[in-house]
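What the coordinates show
So you can see what is in the structure, the chains are spelled out below.
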Amino acid sequence: MVAALGYLVAMPSPAQHDPGVRGGFQNTAGALQQRGIPIPHPPVISPNPTTGATIQANELASFVEGVLRAGQLEATCDVCSDMTQGSPVTGLGELDPVFPQFHTNSNGLGARHNADQCFSCHAQPTLGGSGGFLVPNPGQPKASPPENPMFRLVPLRFGKKNTVPSFEEQYGPIREVRFKYKPDGTRDGGVHQLWVVTGIKTDPTIKQCSIVQPDFEAELGNGNLSFRIPLQMTGLGLIESIQDREILAKQAATAQPRAALGITGHPNRSGNDGTITRFGWKAQNKSISMFAAEAYNVEMGITNELFPTATEEDPNCQGPEKPEPNDVTRTDTTDVINESFINPLHILADWIQFQMLMRFTDGPQPDANPSPSAQQGRQVFNDTGCGLCHTPQMQTAPVMNSAVLENRPVNLFSDLLVHHMGANLADDVIQGAAGPDEFRTTPLWGVGQRMFFLHDGRTSDLLEAINQHLSAGTNNYPPSEANAVIGNFQRLSAALQQAILDFLRSL
């Protein structure tokens, strides 16, 4: 096991090196599970540092309900869930009743999907975080070492007969797959789900299902795959509360030093109202509501009011009783399955409740006692030019419906713009106004506890991630906008480079 997880400790160079996940591997999600410790739940938003306002009782109740909904393990049909829908799984051996691993307590899982519960892909360092490892044999007397949940847990859970593609490595990142091009040569760019429900043992209504996975290995060999890894859900309500004018003002305020370093950047924008979109690797999604609804359908195959059409409509794999759309505003007259119209916590569809969870989840918190090197690194980070794209702070709107969200700083370390990153990082996928080599500046808050970096999870070493931003121009792509800044970084002494790495791991 030590050898298998050796990559998690950044390989030291003679001088500077990535100190690794803050808190050490033993305090990561799956490692806690293996020791019989539940993964911490998402942190509720802290008091407003500007006004002192705290989350209201009704907001808190909705937040807690959102945690329960996001932890539900999905069955495929309305009548084959192990537990009453929307209930914590108590008394059946689950380590965390709100995050069950071998008893379903919801329904609607699509015939094609990437995961069967939200927190499978968002569990590090807390539920709602970024991608991490989970114990692959939940419910067994002796827990196995934690690993990528896409290696055994999700593809085989409940008897599913999936072949795990080579890019889902046992101790590698959780990877979602997009195809760059369609067979006719036109652009694709869409998600192609990894898993199918063929062979599942918990749904008697789809025994005739025989759909198969796409030929991922052939597409990989053809260079037609683009990978994405999960981003954290924490703090997204704060990011959504930032006005467009704040984003543009921060860009304008640094226009001169940006220009001197060859940094441009521009917003991705909604095709409908023209406002700035800001969620996802290419800032392709406008809101956390859209993110939640799209992920529910794309990642889990669960239809809803915003995305009402199933990604796989084979009737042999959907069952005769699955409603479509499946996840909608509840109108039941009783609350026997936690879907009553008269219970305010049960009216909202899951996808709406997810956005309530994200809206009131606190932003990632930095190390309360950073080392002297990390403290020095904050200044060097700015002096080097890193902060010109990774904008340290923005402010939420001055007046909002929620007092805890309004007029407060957001320490996100991102300008929320998209930038040309060159051929080295290009994924050949276009989303809105974000071109094939353009990506949103990833918010760095929480980076100290992330396990994998860059859009495809190609490295777990922060030093390598920084150097990967360097890319010369080619016939297909312009030079990376980060080249001058990376040049500044590489000219620093080993001690100052180390200070920046220590600073980043303190975030």
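Predicted model only: the values in this text are computed from it and were never measured.

Okay, the packing of helix α8 (residues 288-298) against helix α11 (residues 350-359) next. Following both chains from N to C, one finds α8 and α11 inclined at 130 degrees, their axes separated by 8 Å at the closest point. As far as their axial angle goes, α11 and α8 are oblique. Crossing handedness for the pair α8 and α11: right-handed. Residue-level inspection shows I288, S289, F291, A292, A293 and Y296 of α8 in contact with α11, the latter providing D350, W351, F354, Q355, M358 and R359. Grouping the amino acids of the contact of α8 with α11 by side-chain chemistry returns 8 nonpolar, 2 polar and 2 charged.

Within the secondary structure, I302 sits in the loop between α8 and α9 (315-318). Along the sequence, I302 and E324 sit 22 residues apart, while their C-alpha atoms lie 8.9 Å from each other. Sequence-distant contacts of I302, defined by excluding residues within four places in its chain, comprise E74, N107, G108, L109, G110, Y296, N297, N326 and D327.

With that settled, consider the pattern of salt bridges. This model, assessed by the stated rule, comprises 17 salt bridges. The salt bridge involving R187 is made with D428; its shortest N-O contact spans 3.5 Å. With R187 in the loop between β4 (176-179) and β5 (195-196) and D428 in the loop between β11 (418-420) and β12 (438-440), this residue pair connects regions lying 241 residues apart in the sequence. You can call R187 partly exposed: its relative accessible area is 37%. Accessibility expressed as a relative area gives 14% for D428, which makes it buried. Each of the salt bridges in this network shares a partner with another, and the network as a whole consists of E65, R69, R330, E339 and D350.

Counting residues in hydrophobic clusters, the biggest one holds 47 residues, and the most contacted among them are I239, F360 and L412. Broken down by secondary-structure element, the contributors of at least two residues to this core are α2 (57-71), α5 (236-240), α8 and α11. In terms of residue count, the dominant contributor to this core is α11 (6 residues). Apart from residues no more than four positions distant in its own chain, F360 is found in contact with P43, V44, I45, I55, E59, F63, S402, V404 and L405. With 35 residues, the next largest nonpolar core counts I229, F439, L462 and I500 among its residues.

What you see with β4 is no split at all: E176 and R178 on one side and V177 and F179 on the other are buried throughout. The sheet contact formed by β4 and strand β6 (residues 225-228) spans 4 bridges and is antiparallel. If you follow R178 over to β6, its bridge partner there is S226.

With that settled, consider a nonpolar patch on the surface. The grouping of V44, L60 and V64 at the surface amounts to a nonpolar patch, some 210 Å² of accessible area in total. What makes L60 partly exposed here is its relative accessible area of 35%.

Per the counting criterion, the structure on display carries 2 disulfides. Linked covalently through their sulfurs, C209 and C317 form a disulfide whose S-S length is 2.1 Å. Of note, the bridge from C209 to C317 carries an S-S torsion of about 95 degrees and is right-handed in sense. One end of the pair, C209, is in the loop between β5 and α4 (216-221); the other, C317, is in helix α9, and 108 residues separate them in sequence. Take C209 and C317: they sit in the same class, and that class is buried. Assigning the bonded cysteines of the protein chain consecutive numbers by sequence position, one obtains the connectivity 1-2, 3-4. C121 carries a free sulfur, and the closest cysteine sulfur to it, the one in C118, is 9.0 Å from it. Take C386: it sits in no disulfide, and the sulfur closest to it among the cysteines is that of C389, at 9.1 Å. Using a relative accessible area of 14% as the deciding quantity, one classes C386 as buried.

Moving on, we come to the side chain of E59. Here E59 lies in helix α2. We note that E59 is buried and unpaired, the nearest opposite charge coming from R359 at a distance of 8.3 Å. A polar contact of 2.9 Å, which involves the side chain of E59, links it to the backbone nitrogen of Q56. Contact partners of E59, with chain neighbours within four places excluded, come to F360, S402 and V404.

The subject of this paragraph is the packing of helix α12 (residues 372-384) against helix α15 (residues 494-506). Running from amino to carboxyl end, α12 crosses α15 at an angle of 105 degrees, the nearest separation of the two axes being 7 Å. Judged on the interaxial angle alone, α15 and α12 are roughly perpendicular. Contacts from S373, A374, Q376, G377, R378, V380, F381 and T384 of α12 reach α15 at L496, Q498, A499, I500, D502, F503, L504 and S506. Partitioning the contact of α12 with α15 into residue classes produces 8 nonpolar, 6 polar and 2 charged.

Calculation rules
- Residues numbered from 1 in each chain as written.
- Predicted model: local features only at pLDDT ≥ 70, side-chain atom pairs only at ≥ 80, totals over all residues.
- Heavy atoms only, no water.
- Axes fitted to C-alpha atoms, helices over the stretch in contact; angles between N-to-C directions.
- Helix = DSSP H or I, 4+ residues; strand = E, 2+ residues; numbered from the N terminus.
- Parallel < 35°, antiparallel > 145°, perpendicular 65-115°, else oblique.
- Left-handed = near helix turned anticlockwise from the far one by under 90°.
- Contact = heavy atoms within 4.5 Å.
- Nonpolar A, V, L, I, M, F, W, Y, C, P; charged D, E, K, R; others polar.
- Salt bridge = Lys/Arg side-chain N within 4 Å of Asp/Glu carboxyl O.
- Buried < 20%, exposed > 50% of the residue type's maximum accessible area, 1.4 Å probe, protein only.
- Core = buried A, V, L, I, M, F, W, Y, C linked by side-chain atoms within 4.5 Å.
- Pairing = 2+ DSSP bridges.
- Patch = residues over 30% accessible without salt bridge, like charges linked within 9 Å, V, L, I, M, F, W, Y side chains within 5 Å.
- Areas by Shrake-Rupley, 256 points an atom, 1.4 Å probe, with all protein chains shown as cover.
- Disulfide = S-S within 2.5 Å.
- Lys, Arg positive; Asp, Glu negative; His and termini not counted.
- Polar contact = N/O pair within 3.5 Å; in protein donor to acceptor, adjacent residues only side chain to side chain.

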